[in-house]
Amino acid sequence: MTRALVFFVLCVLSVACRSTSAAGDRAREYVLVVLRRGANTAERSEVERAEIQAAHMANIQRLAKEGVLVVAGPFGQPNTDPTRRGLFIFDVANIARARELAGTDPAVQAGVLAMECIPLRTRADLRRASTVDLGLSADVDSGALAEFPMHRFTLAIVGGGAKARAALERGIAPGRVLLVGRCGGALQGSNVAILDAPDVAHAEELLAPLRGELGALDLVPWWASETLTKLPEWALESPR
């Protein structure tokens, strides 16, 4: 894991912190933004690329400090869609607002990255994960970035609607399925799940007992904060 990769996720997950929903909330509304390769990536000098990356990181920090960006992480390999670069999860319920926030990213403005916004409904308290990470990174200014706990997950986009969602929920108890969310927009009828699986092979093995109840399956390795492994301990429940 490179220092730059650790810094990318740390800036979002460790600093973002908003008050949690009132006790008894049955679901939370977020917006998932898939960051894709933009149309304007060629013919840039190393200096230009470095400047855009630095501005990109600075903007991530700003959004995190404002408490609107609660999860971020880059995709790994293999990736069935090479245009996918990473994702953000915004703690906003409005697609237009998420698009506005993601649009402040200098890499998006320069055409290096493009964005796809997807409504996400889940009972997973991602704001709590951000709060925990804030405590873990209290010494961030002392240069302890390399020690921040990172983890390789697999992100699953699963077709099959409510039937598939119910099947995925059964995997939460042993703590291997960490989040199940219902998608809207372009992924209407699909679910997003975060699996505690380091690669696609392990993810497929994990889902094998459920495969007959799942629809189309798209798996991609994904790096994010290790704190997300605690979601089942926090009485994670999936939306109905």
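The structure this text deals with has already been given above.
1. A closer look at the overall build of the protein
Thinking step 1. Across its full length, the protein holds seven helices and eight strands.
Thinking step 2. Buried positions account for 50% of the 240 residues belonging to the protein.
Thinking step 3. Considering only contacts in the protein between residues 6 or more positions apart, those separated by 24 or more positions represent 81%.

2. Some remarks on the environment of Thr83
Thinking step 1. The residue Thr83 is located in the loop between strand 2 (69-74) and strand 3 (84-90) in this model.
Thinking step 2. The exposure class of Thr83 is partly exposed, given its relative accessible area of 24%.
Thinking step 3. Residues Thr83 and Val34 lie 49 residues apart in sequence; the distance between their C-alpha atoms is 9.9 Å.
Thinking step 4. Beyond its immediate chain neighbours, meaning those up to four positions away, Thr83 contacts Leu35, Arg36 and Arg37.

3. Points about the packing of aromatic side chains
Thinking step 1. According to the stated counting rule, one finds two aromatic pairs in the structure shown.
Thinking step 2. With a centroid separation of 5.9 Å and an interplanar angle of 80 degrees, the aromatic rings of Phe88 and Phe90 are classed as edge-to-face.
Thinking step 3. For Arg84, the ring lying beneath its charged end belongs to Phe75, and the centroid distance is 5.9 Å.

4. Looking at the pattern of salt bridges
Thinking step 1. Scanning all chains against the criterion turns up nine salt bridges.
Thinking step 2. A salt bridge links Arg121 to Glu29; the shortest N-O distance between them is 2.3 Å. With Arg121 in strand 4 (residues 113-122) and Glu29 in strand 1 (residues 28-37), the pair connects residues that are 92 residues apart, well separated along the chain.
Thinking step 3. Overall, the relative accessible area of 30% leaves Arg121 in the partly exposed class.
Thinking step 4. For Arg84, the salt bridge identified is with Asp218, shortest N-O distance 2.7 Å. In this pair, Arg84 is assigned in strand 3 and Asp218 in strand 8 (residues 217-225), connecting sequence segments 134 residues apart.
Thinking step 5. The partly exposed category is assigned to Asp218, whose relative accessible area is 21%.
Thinking step 6. A network of salt bridges, in which partner residues are shared, links Arg36, Asp81 and Glu116.

5. Thoughts on the environment of Val108
Thinking step 1. Here Val108 shows up in helix 4 (residues 106-109).
Thinking step 2. Look at Val108 and you get buried, because its relative accessible area is 16%.
Thinking step 3. Sequence-distant contacts of Val108, that is, excluding residues within four places in its chain, are made with Ala102, Gly103, Leu113 and Met115.

6. Notes on the side chain of Ser225
Thinking step 1. Tracing the backbone shows Ser225 in strand 8.
Thinking step 2. Within the local environment of Ser225, its side chain forms a polar contact with the backbone nitrogen of Thr227, the two atoms lying 3.1 Å apart.

7. What about the environment of Ala54?
Thinking step 1. Mapped onto the elements of the fold, Ala54 is located in helix 2 (residues 46-65).
Thinking step 2. When the C-alpha atoms of Ala54 and Ala107 are compared, they prove to be 9.5 Å apart, with 53 residues separating the residues in sequence.

8. With respect to the nonpolar core
Thinking step 1. Membership of the largest hydrophobic core comes to 27 residues, with the highest contact counts inside it found for Ile89, Leu126, Leu155, Ile194, Trp222 and Leu228.
Thinking step 2. Membership of the second largest hydrophobic core comes to 20 residues, among which are Val33, Ile60, Leu69 and Leu113.

9. Here we look at the pairing of strand 7 (residues 191-195)
In summary, the side chains of a regular strand alternate between the two faces of the sheet.
Thinking step 1. Of all five residues that make up strand 7, five are buried, and the element is covered over most of its length.
Thinking step 2. Burial along strand 7 is two-sided: the residues Asn191, Ala193 and Leu195 and Val192 and Ile194 are all buried.
Thinking step 3. Sheet topology note: the strand 5 (residues 150-158)/strand 7 ladder contains five bridges and is antiparallel. Residue Ile157 lies in a different strand from strand 7, and its bridge partner there is Val192.
Thinking step 4. Where strand 6 (residues 177-183) meets strand 7, five bridges bridge the pair, whose relative direction is antiparallel.

10. Considering the sheet that holds strand 1
Thinking step 1. Spatial strand order, 2-3-1-4-6-7-5-8: eight strands in an open sheet with antiparallel pairing. Two strands lie at the open edges of the sheet, namely strand 2 and strand 8, each paired on one side alone. Between one strand and the next, the sheet's axes are offset by a mean angle of 30 degrees, whatever the strand orientation.
Thinking step 2. Helix 3 (residues 95-102) contacts strand 1, strand 3 and strand 4 of the sheet and is inclined by roughly 145 degrees relative to strand 4.

11. With respect to the side chain of Asp125
Thinking step 1. With respect to the element layout, Asp125 can be found in the loop between strand 4 and helix 5 (126-136).
Thinking step 2. In this structure Asp125 comes out as buried when scored by relative accessible area, which is 13%.
Thinking step 3. Within polar-contact distance, the side chain of Asp125 engages the side chain of Arg28 at 3.5 Å.

The rules behind each value
Residues numbered from 1 in each chain as written. Predicted model: local features only at pLDDT ≥ 70, side-chain atom pairs only at ≥ 80, totals over all residues. Heavy atoms only, no water. Helix = DSSP H or I, 4+ residues; strand = E, 2+ residues; numbered from the N terminus. Buried < 20%, exposed > 50% of the residue type's maximum accessible area, 1.4 Å probe, protein only. Contact = heavy atoms within 4.5 Å. Phe/Tyr/Trp six-rings, centres within 6.5 Å; stacked < 30°, edge-to-face > 60°. Lys NZ or Arg CZ within 6 Å of the ring centre and 35° of its normal. Salt bridge = Lys/Arg side-chain N within 4 Å of Asp/Glu carboxyl O. Polar contact = N/O pair within 3.5 Å; in protein donor to acceptor, adjacent residues only side chain to side chain. Core = buried A, V, L, I, M, F, W, Y, C linked by side-chain atoms within 4.5 Å. Pairing = 2+ DSSP bridges. Axes fitted to C-alpha atoms, helices over the stretch in contact; angles between N-to-C directions.

As far as function goes, none of this settles anything; it's purely spatial.
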